[in-house]
Amino acid sequence: MQLPLQPRRICTHVLSLGILEAKHRTKKIMRHEEQFQGSAAPDWRVGRMETDRAVFEYLEKLEPLLRADANILRDKGFPVDERCRINPAEFGGGSEPVFSETSIARDRQLVKARKEGKFERGTETTDAMGELLESTATIAFNELWFGGRLVKVRTAEYDDYIGGVDEFIVDTQTQEIIAAIDTTTVPDLKALALRNNVNKGGAVKYGVAMDARGARKTDLANLPYLVLSIPPKDLLPLARVLVERKGAPQARELEARVLAQLIKETDVFATEVADAAHRGQYRRLRAIFEEIQAVRARPERVH
């Protein structure tokens, strides 16, 4: 069966001054039926209840893959939990704490309050879709896509819920943190104050810096800011590919479109949005993505 990974118009203007609030709005996000219209595979033309059930099912099935990725990241020095999220507890205590226990506890309370406010608005399924998006994209980045060039690490909940940064990306060739990422299934909700976000850059309180000894815990600032959009009609088939370990051609097709999206986005940011102080960052990112694109487009050798 051909999975419904069909081309979709790339939305490059996807940020807003109220980016965090937009990220957690629910009405448009849960219009799954509309997202699935036009799919080539009738199996995926399902109603909302079936879609919700699939989201929770894939979340459960992806847990072993996330744990395996987390073990690899920890071996490289990244202070992550079993869901590949940065763990703030690793930044306190010991002989040289990065942040005080009081600061970490305060951040935990802020996240708790934000979560409680969301659940009062009935966003459990929306949160599950967001969790599936971040989990699936993390596994795809780290295991399936880009030839191992890029590693994606999920941020701590504080940086996600309060700071609006979902992940950051490491270039394994240079061992640099090259971008902060905001992931979304509905790019239209991110309709954009690019000048504010792009020129301010992404900030991560619980971050890492790479050196010869591995990952060092520190805060990060002025990271190039990117938005990664994977709509539900592509997300669920990608989760299926990861779980069943088959369907690589469809996953490669989506990888190619994600790369094209990132190249287009960095080009727009570099030429139309970023100020003079930040254009070079986005040109450099575009060059990295174009280099990966060229390598991945080469025919695979048959041994």
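Residues numbered from 1 in each chain as written. Predicted model: local features only at pLDDT ≥ 70, side-chain atom pairs only at ≥ 80, totals over all residues. Heavy atoms only, no water.

Asks: Lay out the pattern of salt bridges in plain terms, naming residues and giving numbers.
Replies: For the structure shown, the criterion picks out 21 salt bridges. For Arg-149, the salt bridge identified is with Glu-291, shortest N-O distance 3.3 Å. With a gap of 142 residues between them, Arg-149 in the loop between helix 5 (124–144) and strand 1 (150–154) and Glu-291 in helix 10 (residues 279–297) connect regions that are remote in the sequence. The exposure class of Glu-291 is partly exposed, given its relative accessible area of 40%. A salt bridge links Asp-267 to Arg-286; its shortest N-O distance comes to 2.5 Å. Of the two residues, Asp-267 is situated in helix 9 (residues 248–273) and Arg-286 in helix 10; the sequence distance between them amounts to 19 residues. Note on Asp-267: relative accessible area 26%, which makes it partly exposed. Connected through salt bridges with shared partners, the residues Glu-63, Arg-67, Arg-83, Arg-85, Glu-131, Glu-134, Arg-154 and Asp-160 form a single ionic network. (Salt bridge = Lys/Arg side-chain N within 4 Å of Asp/Glu carboxyl O. Helix = DSSP H or I, 4+ residues; strand = E, 2+ residues; numbered from the N terminus. Buried < 20%, exposed > 50% of the residue type's maximum accessible area, 1.4 Å probe, protein only.)

Asks: Now, about the nonpolar core: what can you tell me, with residues and values included?
Replies: In this structure, Phe-78, Leu-132, Trp-145, Leu-226 and Tyr-282 are the most contacted members of the largest nonpolar core, which totals 76 residues. With 10 residues, the single largest contributor to this core is helix 9. (Core = buried A, V, L, I, M, F, W, Y, C linked by side-chain atoms within 4.5 Å.)

Asks: Go over the side chain of His-278 with me, naming the residues and quoting the values.
Replies: Turning to its location among the elements, His-278 is positioned in the loop between helix 9 and helix 10. Each residue touching His-278, except ones within four places of it in the same chain, is listed here: Val-198, Asn-199 and Asn-222. (Contact = heavy atoms within 4.5 Å.)

Asks: Requested: an account of helix 3 (residues 48–75), with residues and values cited.
Replies: Helix length check: helix 3 (28 residues) gives 40 Å between terminal C-alpha atoms against 40 Å at 1.5 Å per residue, within 8%. Its axis deflected by about 40 degrees at Glu-63, helix 3 carries its strongest bend there, up to four residues before the proline Pro-64. Buried within helix 3 are the following residues: Thr-51, Asp-52, Ala-54, Val-55, Tyr-58, Leu-59, Leu-62, Leu-65, Leu-66, Asp-69, Ala-70 and Leu-73. (Expected span 1.5 Å × (residues − 1). Bend = angle between axes of the 7 residues up to and from the residue.)

Asks: A description of the packing of helix 8 (residues 232–244) against helix 9 should follow, citing residues and the corresponding values.
Replies: Relative to each other, helix 8 and helix 9 sit at 130 degrees, their axes nearing to 10 Å. Taken together, helix 8 and helix 9 sit at an angle that is classed as oblique. Crossing angle aside, the handedness with which helix 8 passes helix 9 is left-handed. Facing helix 8, whose interface residues are Asp-234, Leu-238 and Val-241, helix 9 presents Ala-251, Leu-254 and Arg-257. A per-class count over the contact of helix 8 with helix 9 returns four nonpolar, no polar and two charged. (Axes fitted to C-alpha atoms, helices over the stretch in contact; angles between N-to-C directions. Parallel < 35°, antiparallel > 145°, perpendicular 65-115°, else oblique. Left-handed = near helix turned anticlockwise from the far one by under 90°. Nonpolar A, V, L, I, M, F, W, Y, C, P; charged D, E, K, R; others polar.)

Asks: I'd like a description of the environment of Met-129, backed by residues and values.
Replies: The residue Met-129 is located in helix 5 in this model. Taking C-alpha positions, Met-129 is 8.1 Å from Asp-52, a pair spaced 77 residues apart along the chain.

Asks: How would you explain the confidence of the model for the chain if you had to name every residue and give the values?
Replies: Summarising the model, the chain shows a mean pLDDT of 81, and 77% of its residues fall at 70 or more. This stretch, residues 1–46, has a pLDDT under 50; its non-local contacts, to residues over four places away or in other chains, come to 135 contacts. (pLDDT = per-residue confidence, 0-100.)

Asks: Describe the sheet that holds strand 2 (residues 167–171), naming the residues involved and giving the relevant values.
Replies: Pairing is mixed across the open sheet formed by four strands, whose spatial order is 1-2-3-6. Sheet topology places strand 1 and strand 6 (225–229) at the edges, where each strand pairs with a single neighbour. Averaged over all adjacent pairs, the angle separating strand axes in this sheet is 35 degrees, with direction ignored. Of the pairings in the sheet, the one linking strand 1 to strand 2 comprises five bridges and is antiparallel in character. Of the residues in strand 2, the one forming a bridge with Arg-154 is Glu-167. (Pairing = 2+ DSSP bridges.)

Asks: Hey, could you go over the packing of helix 9 against helix 10 for me, with residue numbers and the actual values?
Replies: Running from amino to carboxyl end, helix 9 crosses helix 10 at an angle of 155 degrees, the nearest separation of the two axes being 8 Å. One finds that helix 9 runs roughly antiparallel with respect to helix 10. Note on packing geometry: the crossing formed by helix 9 with helix 10 is left-handed. Mapping the contact onto sequence places Arg-252, Glu-255, Leu-259, Ala-260, Leu-262, Ile-263, Thr-266, Asp-267, Phe-269, Ala-270 and Thr-271 in helix 9 and Arg-279, Tyr-282, Arg-283, Leu-285, Arg-286, Phe-289, Glu-290, Ile-292, Gln-293 and Arg-296 in helix 10. Residues of the contact of helix 9 with helix 10, tallied by class, amount to 10 nonpolar, three polar and eight charged.

Asks: I'd like to hear about the pairing of strand 4 (residues 202–211), residue by residue, with values.
Replies: Walk down a regular strand and you will see the side chains alternate between the two sheet faces. Counting buried residues in strand 4 gives eight out of 10 residues, a clear majority hidden from the surface. As paired elements, strand 4 and strand 5 (residues 214–223) share seven bridges and run antiparallel to each other. Looking at the pairing, Gly-207 lines up with Thr-218 of strand 5.

Asks: Quick one: what's the story with the pairing of strand 2, residue by residue and with numbers?
Replies: With five of its five residues buried, strand 2 lies for the most part within the structure. Going residue by residue along strand 2, you find Glu-167, Ile-169 and Asp-171 tucked away on one face and Phe-168 and Val-170 tucked away on the opposite face as well. With five bridges joining them, strand 2 and strand 3 (residues 176–184) adopt antiparallel strand pairing. Within strand 3, the position partnered with Ile-169 by the bridge is Ala-179. The turn joining strand 2 and strand 3, which pair antiparallel and follow one another in sequence, is formed by four residues; a positive phi near 60 degrees is taken by Gln-175.

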